[in-house]
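Tertiary structure, described
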Amino acid sequence: MSGFFVFRLVYGSNPILYIGITVLVFTVFWVVFNVFDELLFFSPILYFYLPNDAIVGFILSTISATLLGVTVSMNIYLLRNSINSEYKSLLSSSFLTTLFSTCASCSSIGFVIISTFGSAGIIATTFLTNYQIPLRFFAIGILIFALYSVSRKTISNCSLNGHESDNSFLK
């Protein structure tokens, strides 16, 4: 079975809902990442500034936001269409990896939060500053794993419930 079967299954079942969720999650996280990276400003006017030294971080945060949008919409599809109670748990592995990758990929948000912890915050901020790009690569890896995990669960759930034969037009 092809890997694109899951995308056709999810986005073909209710395109307006799942594409809307993907776009909404992407937009929210893209704005949040770029505001905290000080690339997007809202005051006094809406202004986007991308210096040369921030291009790699911008590309990685855009990839993270895209993967987050797709993974969240696929998790919602899996939670809504699962009969098995194991898949309906919000503590599924793909949901947890989505949360952890959100935390890792928004390391600039960590600067704001961690700076309130005194000397331990200074050490953590220094670590996050020095390893921001590798942490974003790590977050993208976690998101790819989450996407793989949720697609495997969707395929197994689909074949267990007999939907595979019902959706033969999607192949």
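Scroll up for the structure.
All values derive from a computational prediction rather than experimental measurement.

Rules and cut-offs
Residues numbered from 1 in each chain as written. Predicted model: local features only at pLDDT ≥ 70, side-chain atom pairs only at ≥ 80, totals over all residues. Heavy atoms only, no water. Helix = DSSP H or I, 4+ residues; strand = E, 2+ residues; numbered from the N terminus. Buried < 20%, exposed > 50% of the residue type's maximum accessible area, 1.4 Å probe, protein only. Contact = heavy atoms within 4.5 Å. Salt bridge = Lys/Arg side-chain N within 4 Å of Asp/Glu carboxyl O. Phe/Tyr/Trp six-rings, centres within 6.5 Å; stacked < 30°, edge-to-face > 60°. Core = buried A, V, L, I, M, F, W, Y, C linked by side-chain atoms within 4.5 Å. Polar contact = N/O pair within 3.5 Å; in protein donor to acceptor, adjacent residues only side chain to side chain. Expected span 1.5 Å × (residues − 1).

Our next topic: the side chain of S151. With respect to the helices and strands, S151 occurs in helix α8 (residues 132-160). Residue S151 is classed as buried on the basis of its relative accessible area, which comes to 14%. Leave out the neighbours within four places in its chain, and S151 touches V6 and M74.

Time to look at the pattern of salt bridges. A complete count under the given rule lists 1 salt bridge for this structure. Between D37 and R136 there is a salt bridge; the shortest N-O distance is 2.7 Å. Placement of the pair is D37 in the loop between α2 (15-36) and β1 (40-41) and R136 in helix α8, with a sequence separation of 99 residues. Judged by relative accessible area, which is 1%, R136 ranks as buried.

Turning our eyes to something else, we now look at unusual backbone geometry. For the bond running from S43 to P44, omega is 0 degrees, close enough to zero to count as cis. Structurally, the position occupied by P44 is in the loop between β1 and β2 (47-48). Within the chain, E38 stands out as a residue other than glycine whose phi angle is a positive 60 degrees.

Our next topic: the packing of aromatic side chains. Per the stated rule, a full pass over the model turns up 5 aromatic pairs. Pairing W30 with F48 gives two aromatic rings, centres 5.8 Å apart and planes at 20 degrees, and the pair type is stacked. Linking W30 in helix α2 with F48 in strand β2, this pair joins segments that are 18 residues apart in sequence. Taken together, the aromatic side chains of W30, F48 and F58 make up a single cluster linked through ring pairs.

V10, Y18, M74 and L147 are the most contacted members of the largest nonpolar core, which has 21 residues in total. Those elements that provide at least two residues to this core are α1 (4-13), α2, α3 (55-81) and α8. Here this core takes 8 residues from α3, the largest share from any one element. Those residues in contact with M74 that lie beyond four places of it in its chain are V6, F7, V10, L147, V150 and S151.

What follows deals with the environment of Y11. Tracing the backbone through its elements, the reader meets Y11 in helix α1. Under the relative-accessibility criterion, Y11 is labelled buried at 17%. Each C-alpha atom of the pair Y11 and V70 lies 9.9 Å from the other, and the pair is 59 residues apart in sequence. When near neighbours in sequence (up to four residues on either side) are disregarded, Y11 contacts Y18, I19, T22, V70 and S73. Of the polar contacts made by the side chain of Y11, one reaches the side chain of T22; its length is 2.8 Å.

What follows is about α2. In this model α2 runs 31 Å from its N-terminal to its C-terminal C-alpha over 22 residues, within 8% of the 32 Å that 1.5 Å per residue would give. At the C-terminal side of α2, E38 shows a positive phi close to 60 degrees.

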